[in-house]
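# Structural features, examined
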Amino acid sequence: MSDTPDYSTCRTTPHAARRLLQELGYTAVRVVTPTLPIDIIAWKNRQEILLIKVKSLRRPLKKDRLVSEMNPLFQMAASGTCPGTIQLWIRQAAVWDRYHVMAGGFAAIKEGVHGI
């Protein structure tokens, strides 16, 4: 498999995210344990650590579903035990929507913010 396909599925999306991170200079590994609500751990240098949950969608995401997807990530952020930045990446077609998840809420990530 040489290129990321234009379509996205739950199987191809984490690999596409990992490749994107690697192109941006991160070391990225896929997490396959069901005990963590994240799919990728990525780091650049020693200061930048990203914990990322990746989703692919066929239809636009409504706010209530977005919040329910983030609930495990909110809990992870609130625990205070996780190093780095917690993010949710959502892919529709070939477009990524990225969110920075904090204990009290979330914020959309603009280009150039939070290491990307």
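Residues numbered from 1 in each chain as written. Predicted model: local features only at pLDDT ≥ 70, side-chain atom pairs only at ≥ 80, totals over all residues. Heavy atoms only, no water.

## Here we look at the sheet that holds strand S5 (residues 95–102)
- Read from one edge to the other, the open sheet built from six strands follows the order S1-S2-S3-S4-S5-S6, with strand pairing classed as mixed. Of all strands in the sheet, those bounded by a partner on one side alone are strand S1 (27–30) and strand S6 (105–108). Each strand axis lies, on average, 25° off the axis of its neighbour in the sheet, ignoring direction.
- Relative to strand S3 (residues 48–56), strand S2 (residues 40–44) runs antiparallel, the two being bridged by five bridges. From the neighbouring strand, Ala 42 faces S3, where its bridge partner is Leu 50.
- On the sheet, helix H2 (residues 63–79) packs against S3, strand S4 (85–92), S5 and S6 and is oriented at approximately 160° with respect to S4. (Pairing = 2+ DSSP bridges. Helix = DSSP H or I, 4+ residues; strand = E, 2+ residues; numbered from the N terminus. Axes fitted to C-alpha atoms, helices over the stretch in contact; angles between N-to-C directions. Contact = heavy atoms within 4.5 Å.)

## Observations concerning the side chain of Glu 69
- For Glu 69, the position within the fold is in helix H2.
- If we skip the residues at most four places from it in the chain, Glu 69 touches Lys 53, Lys 55 and Leu 88.

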